[in-house]
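# Per-entry structural report
One letter stands for each residue in the lines below.
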Amino acid sequence: MELYQKTAAELSRLLQDKEITAVEVFNSFTERIDEVDPHLKVFITCTLDSALETAAAVDRRRMENEELHPLAGVPVAIKDNFCTEGIKTTCASKMLESYIPPYDAAVVEKLKRIGMPILGKTNMDEFAMGSSTENSAFFVTRNPWDLERVPGGSSGGSAAAVAAGMVPLALGSDTGGSIRQPAALCGITGLRPTYGRVSRYGLIAFASSLDQIGPLALNALDCSLLLEVIAGYDQRDSTSLPHEVPQYSAAAGRELEGVRIGLIEENISANFDPEIKFAVLKMAALLEENGARITEVSLPHTDYGLSAYYLIAPSEAASNLGRYDGVRYGYSADGDNIISLFSRTRGQGFGAEVKRRIMIGTYSLSAGYYDAYYLQAMKVRTLIRRDYEKAFQNFDILVGATTPTPAFKLGEKADDPLKMYLSDVCNITDALAGVPSLSIPAGLHSSGLPMGMQLTAAPLNEGLLFQAAAVLEKCSDSPPQQRTALNLTGRGEL
Amino acid sequence: MEFETVIGLEIHLELQTRSKLFCSCSTAFGREPNTSCCPVCLGLPGSLPVLNRKAVELAIIAALSLQSEIQKESRFDRKNYYYPDLPKAYQISQYDRPLALGGFIEMKNEGVKRKINLERIHIEEDPGKLMHSGESIFDSDYSLVDYNRAGIPLLEIVTKPDLRSGREARLFLEELRCILLYSGSSDCRMEQGSLRCDANISLRPAGSKTLGTRTEVKNMNSFRAVEMALDYEAGRQAAILSAGGSIIQQTCHWDEGDRKAIPLRGKEGSSDYRYFPEPDLLPLILKSDYIETLAASLPELPSQRRIRLMEEYGLDPADAAILTENRSLGDLFEVAAGEYKDYRNLARWVRGDLLYLLKGNDRNPSEVAPSLLIELLTMLDEGEINRPVAKDLLANIVKNGTNPRELVQQKGLGRIADREKLQPVVEKVLAENKDAVDSIKQGRKKAFAFLVGKVMAATAGRADPEKVQKLLRELIN
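Given the structure is predicted, the values throughout are model-derived calculations rather than measurements.

### A word on the overall build of chain A
Tallying secondary structure elements over chain A gives 16 helices and 11 strands in all. Taking 2.2 N^0.38 as the reference for a compact globule, 494 residues should give roughly 23 Å; the C-alpha atoms of chain A span a radius of gyration of 21 Å, in line with that estimate. Seen through its C-alpha atoms, chain A measures out along the principal axes to roughly 65 × 50 × 45 Å. Looking at chain A as a whole, 64% of its 494 residues qualify as buried. Summing over all exposed atoms, chain A offers an accessible surface of approximately 17000 Å²; the carbon and sulfur share of this is 51%. Between the mean site of the 45 positive side-chain charges and the mean site of the 60 negative ones, chain A shows a separation of 4 Å.

This is the structure in structure tokens:
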């Protein structure tokens, strides 16, 4: 087995035991990148030189028996909407095509501090708006399971990178499913943590009240290890939570005896792909075999979730993206006066989906419409939150499908925004409620594509999600590598 | 027809914090352009605001000193609009849940007691500063922007339409400035832009209760400009209404040079700021005991001090007003009055010669040691020095902090009362001014004063005037 096929936990162990060096790990993954990235198109920017320096420094320090973080020397990729000092941060937009931030995002600081080599910045839907990574202004990223299909989005680059063994760990951002949906479509594990659990400082905003940073990895244990690194209070983010960061990785291995699990009716809906429904029910049965109690539960306002989300998120986005006006940084068009400078810059610098959402948001906040749209949506959000609060009085974990279908074809939904929006239908309400939500692999569809199951817990109960996920992984007869695209794509189709 | 003028003011004050409202950049005035900036106040992608605790504290103190009711829960909102001086394309402000509601200022206008009510007080951030190569952003070849000001904490105070003339608006602002200087929340310098004022003004038939169509007047850069601009605009509206015309709701720009309020072109007034709650900040929740602690620490307000100065020290209203208006001058007076008991004399010196010298030398009253002032006045009272010498000594106190007694000893500035020392001087003056002596003999009193002056001049003002007069009379006769 190649190093690039190992999980972060395995690499961490081997590194700590000095059986391998961080540079060897680096070499294995970069060779893999050379091999598959031309086909998948994951990276907008590769930062291999600085990553190699980091790896070499980790090896040096380990030689000197310095105490290092367990993930020191384990490579990571980050979505291109995290600010990186001195390194282009584009949000996959023409608007920021050559933008170089003067500072590191809080999470990037943390990765650097513990010596995780950052291999590069991954492709995404422009400003994280989309569900297929087709909205990147630069290029399309392909699904490692089937190159004719999308990897999901908006963190499609990060998900494809992990699924194809280009990195063992990646960071994404999830506003309304952008970590979990691509994780499901690429057959890996991805967590949207509790809102406020991870500092947003330096994450280029899409919708501030919904944006949350989270890990993507081959399994739950790896996700928990990366979450331990990035979680925690940050005074630079007023919405970050002051709670202590527990040792999430200790959750894997705990029993499920007595854990109350609710099967969300709305997320195994009749119009979902039947194989996905079946896979979720099968996994639920496995949980039950392991001591959990399963009951069906309804989140009655789920039907309004998508509509509310597509008012709240665009409203915040319209405001957050106002700053890209061509005056200070980023793309700037020639204008005859200040108004034409603004309108041409924004007209030329943004892609169609971003403009669509800016228009929806501007409209929804406008005088005379605010009450009917934004305010109404906020009321729905409160109702959805209450649905969850009520459900968590009786349940510890809620489960359902992550997506209604497996990965769709490139271009299949590109011309129909509403269809595209519907691919996040299971992910939206968790985001509106601010609760943690984990997508894990749920086996393969008859088409050969991966499917995903989503597990949701009450705020700050990420540990419980990892616990359940680990139990399911143990029940599965194949190691995580075989449930991913690592072997399928490495020598086969690619 | 007789009209009543109705004016409401919108005042912006810079809160006197050391760092900006949402980041740690310095608020110091007069720095090189764009040197007091960071990712947060430049609105760089990914940056987030963190509320400045001190700004909230100063805002609460200001609101409390204006009798405004602090809201236990207020909220920040985004005011969205595009302009190059606004780095995020939204200003973080407070919209429908402001920091404080209500409040008032009591003042006197031509002897009549007036109570001017406030609508609301809220916190917001300042945009940057634009400079155009031409008249405005639209007819300039280029515009320059300085973001040092972007993010400086502002307090916005909105009055009810309770003011009735330009003069009254000015008096209100002067009183407001005085109160806020006392509270220490803002330095209120209109010339540096730390106090800015816009006005809404309308006319209505005297006795009517309904409001007429208003215009907004901007760009008034001094208290005097506020008075002139509003009186001008009231006159303009009166002329239109008297001629049977009607007022168009518009924004006018006060032109200091031409002394005219010029209506602005364009679509002002139709702006839709698309306010919504700022998702990057939590609601501002204030605990009662925190507000109470601040209320307890509130200094005496100017109106209270004015009355106290009159009652406690027997000062007349004019002296009390001047010593109140300038807080540190009043403080100097009160410290000195602890030991020097001729209060009215002290007040005259402090608000007269001393204030004049302080202004002329650009010094602050707090730089003057009260003990030196007491020393000086005591020497004067006890006849050790003459008044002109005292003024010179006061100038030395202000400029150099010199001890007057030491200076008198050093330079021999004490009063000359010895007959032996004065007689030769007087004799010399008489010898040199025979004409004057003749005039006196013919009964002209003026000539006598002239001779006294000559003797004083010859002794550098040090001669004892009474002794000089006595000697002169003796020797002439």
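### Things to note about helix H1 (residues 8-16) of chain A
Residues and elements named next belong to chain A. Within the span of H1, buried status applies to Ala8, Leu11, Ser12, Leu14 and Leu15. The buried side chains of H1 occupy one side of the element, clustering within an arc of 165 degrees when seen end-on. Elements that come into contact with the buried residues of H1 comprise helix H2 (22-40), helix H3 (48-63), strand E4 (169-174) and helix H7 (220-230). Phi turns positive one or two residues past the end of H1, at Lys18, with a value near 60 degrees.

### A word on the packing of helix H2 (residues 166-183) of chain B against helix H5 (residues 302-313) of chain B
Residue and element names in this part refer to chain B. Two elements in contact, H2 and H5, have axes whose closest approach is 9 Å; the angle formed by their N-to-C orientations is 90 degrees. The orientation of H2 with respect to H5, classified from their angle, is roughly perpendicular. Across the interface between the two elements, Glu175, Cys178, Ile179 and Tyr182 of H2 pack against Pro302, Ser303, Arg305 and Arg306 of H5. Of the residues contributing to the contact of H2 with H5, the split by class is four nonpolar, one polar and three charged.

### Examining the sheet that holds strand E4 (residues 77-80) of chain B
Taken in spatial order, the three strands line up as E5-E4-E16 (chain B) in an open sheet, and their pairing is antiparallel. This sheet does not close on itself; its edge strands, each paired only once, are strand E5 (90-93) and strand E16 (276-277) of chain B. Sheet topology note: the E4 of chain B/E5 of chain B ladder contains four bridges and is antiparallel. Bridge pairing in E5 of chain B places Asp77 of chain B opposite Ser93 of chain B. Helix-sheet contacts for helix H9 (residues 302-320) of chain A involve E4, E5 and E16 of chain B, and the interaxial angle to E4 of chain B is about 60 degrees.

### So, the domain arrangement of chain B
As assigned here, chain B comprises domain 1 (3-291), domain 2 (302-411) and domain 3 (419-476). Distance between the C-alpha centres of domain 1 of chain B and domain 3 of chain B: 64 Å.

### Topic: the interface of chain B and chain A
Every contact between the two is made by 33 residues of chain B and, on the other side, 37 residues of chain A. Taking both partners together, chain B and chain A bury about 2800 Å²; carbon and sulfur atoms supply 60% of that area. Of all residues in chain B, Pro45, Leu48 and Tyr82 of chain B give up the largest surface area on contact with chain A, accounting jointly for 22% of the area buried on that side. Taken together, the connections running from chain B to chain A amount to one salt bridge. Across the salt bridge formed by Asp280 of chain B and Arg200 of chain A, the nearest N and O atoms sit 3.0 Å from each other. The tally of links from chain B across to chain A stands at 19 residue pairs in polar contact (both at pLDDT 80 or more). Residue assignment for the side of chain B that touches chain A shows that the elements contributing at least two residues are E4 and E16 of chain B.

### Description of the layout of surface pockets
Rolled over the atoms, a probe with the dimensions of a water molecule shows which regions are left empty. Residue and element names in this part refer to chain B. If you add up the space inside the second largest pocket, you get close to 1800 Å³. Taken together, 47 residues make up the lining of the second largest pocket; nearest its centre are Glu174, Arg177, Cys178, Glu325 and Asn326. Looking at the lining of the second largest pocket, the elements with two or more residues in it are strand E7 (104-109), H2, H5, helix H6 (317-325), helix H7 (327-337) and helix H8 (343-360). The element contributing the most residues to the lining of the second largest pocket is H2, with seven residues. Classifying every residue of the lining of the second largest pocket gives 20 nonpolar, 11 polar and 16 charged. Counting only domains with at least three residues in the lining of the second largest pocket, you end up with domain 1 (3-291) and domain 2 (302-411).

### Let's talk about the packing of aromatic side chains
Counting across every chain of the model gives 23 aromatic pairs over all chains. With centroids separated by 5.1 Å and ring planes inclined at 45 degrees, the aromatic side chains of Phe127 of chain A and Tyr324 of chain A adopt a geometry described as tilted. Of this pair, Phe127 of chain A sits in the loop between strand E3 (118-122) and helix H5 (156-163) while Tyr324 of chain A sits in the loop between H9 and helix H10 (338-349), and the two are 197 residues apart along the sequence. Across the pair, Tyr324 of chain A and Phe127 of chain A agree in class, each one buried. Relative to Tyr373 of chain A, the ring of Tyr363 of chain A lies with its centre 5.9 Å away and its plane at 55 degrees, an arrangement referred to as tilted. One end of the pair, Tyr363 of chain A, is in helix H11 (residues 352-365); the other, Tyr373 of chain A, is in helix H12 (residues 371-394), with 10 residues separating them in the sequence. Pairwise contacts between aromatic rings join Tyr99, Phe127, Tyr324, Tyr329 and Phe350 of chain A into one cluster. Seen from the ring of Phe104 of chain B, Lys115 of chain B lies directly overhead, with NZ or CZ sitting 4.3 Å from the centre.

### Let's talk about empty space enclosed by the protein
All names here are of chain B. Taken as a whole, this structure holds four cavities of 30 Å³ or more when the rule is applied. For the largest cavity, the calculated volume is near 220 Å³. Around the largest cavity, the lining comprises 28 residues; the ones closest to its centre are Val40, Ser47, Lys88, Tyr90 and Ile92. Classifying every residue of the lining of the largest cavity gives 17 nonpolar, four polar and seven charged.

### Thoughts on the side chain of Arg274 of chain B
Positionally, Arg274 of chain B belongs in the loop between strand E15 (260-263) and E16. No salt bridge forms around the buried Arg274 of chain B; measuring N to O, its nearest opposite-charge neighbour Asp272 of chain B is 5.8 Å away. Discounting residues that sit within four places of it in the chain, Arg274 of chain B has contacts with Thr362, Leu365 and Ser366 of chain A together with Arg78, Asn80 and Tyr82 of chain B.

About the thresholds
Residues numbered from 1 in each chain as written. Chains lettered and ligands numbered in written order. Predicted model: local features only at pLDDT ≥ 70, side-chain atom pairs only at ≥ 80, totals over all residues. Heavy atoms only, no water. Helix = DSSP H or I, 4+ residues; strand = E, 2+ residues; numbered from the N terminus. Rg over C-alpha atoms; globule rule 2.2 N^0.38 Å. Buried < 20%, exposed > 50% of the residue type's maximum accessible area, 1.4 Å probe, protein only. Areas by Shrake-Rupley, 256 points an atom, 1.4 Å probe, with all protein chains shown as cover. Lys, Arg positive; Asp, Glu negative; His and termini not counted. Charge placed at Lys NZ, Arg CZ, Asp CG, Glu CD. Arc of directions from axis to C-beta. Contact = heavy atoms within 4.5 Å. Axes fitted to C-alpha atoms, helices over the stretch in contact; angles between N-to-C directions. Parallel < 35°, antiparallel > 145°, perpendicular 65-115°, else oblique. Nonpolar A, V, L, I, M, F, W, Y, C, P; charged D, E, K, R; others polar. Pairing = 2+ DSSP bridges. Domains from an automatic or database assignment. Buried area = accessible area lost by both parts, 1.4 Å probe. Salt bridge = Lys/Arg side-chain N within 4 Å of Asp/Glu carboxyl O. Polar contact = N/O pair within 3.5 Å; in protein donor to acceptor, adjacent residues only side chain to side chain. 1 Å grid on protein atoms, 1.4 Å probe; cavity = no way out; pocket = protein on both sides within 12 Å on 5 of 7 lines; lining within 4 Å. Points joined across faces, edges and corners; volume = space filled by probe spheres on them. Phe/Tyr/Trp six-rings, centres within 6.5 Å; stacked < 30°, edge-to-face > 60°. Lys NZ or Arg CZ within 6 Å of the ring centre and 35° of its normal.

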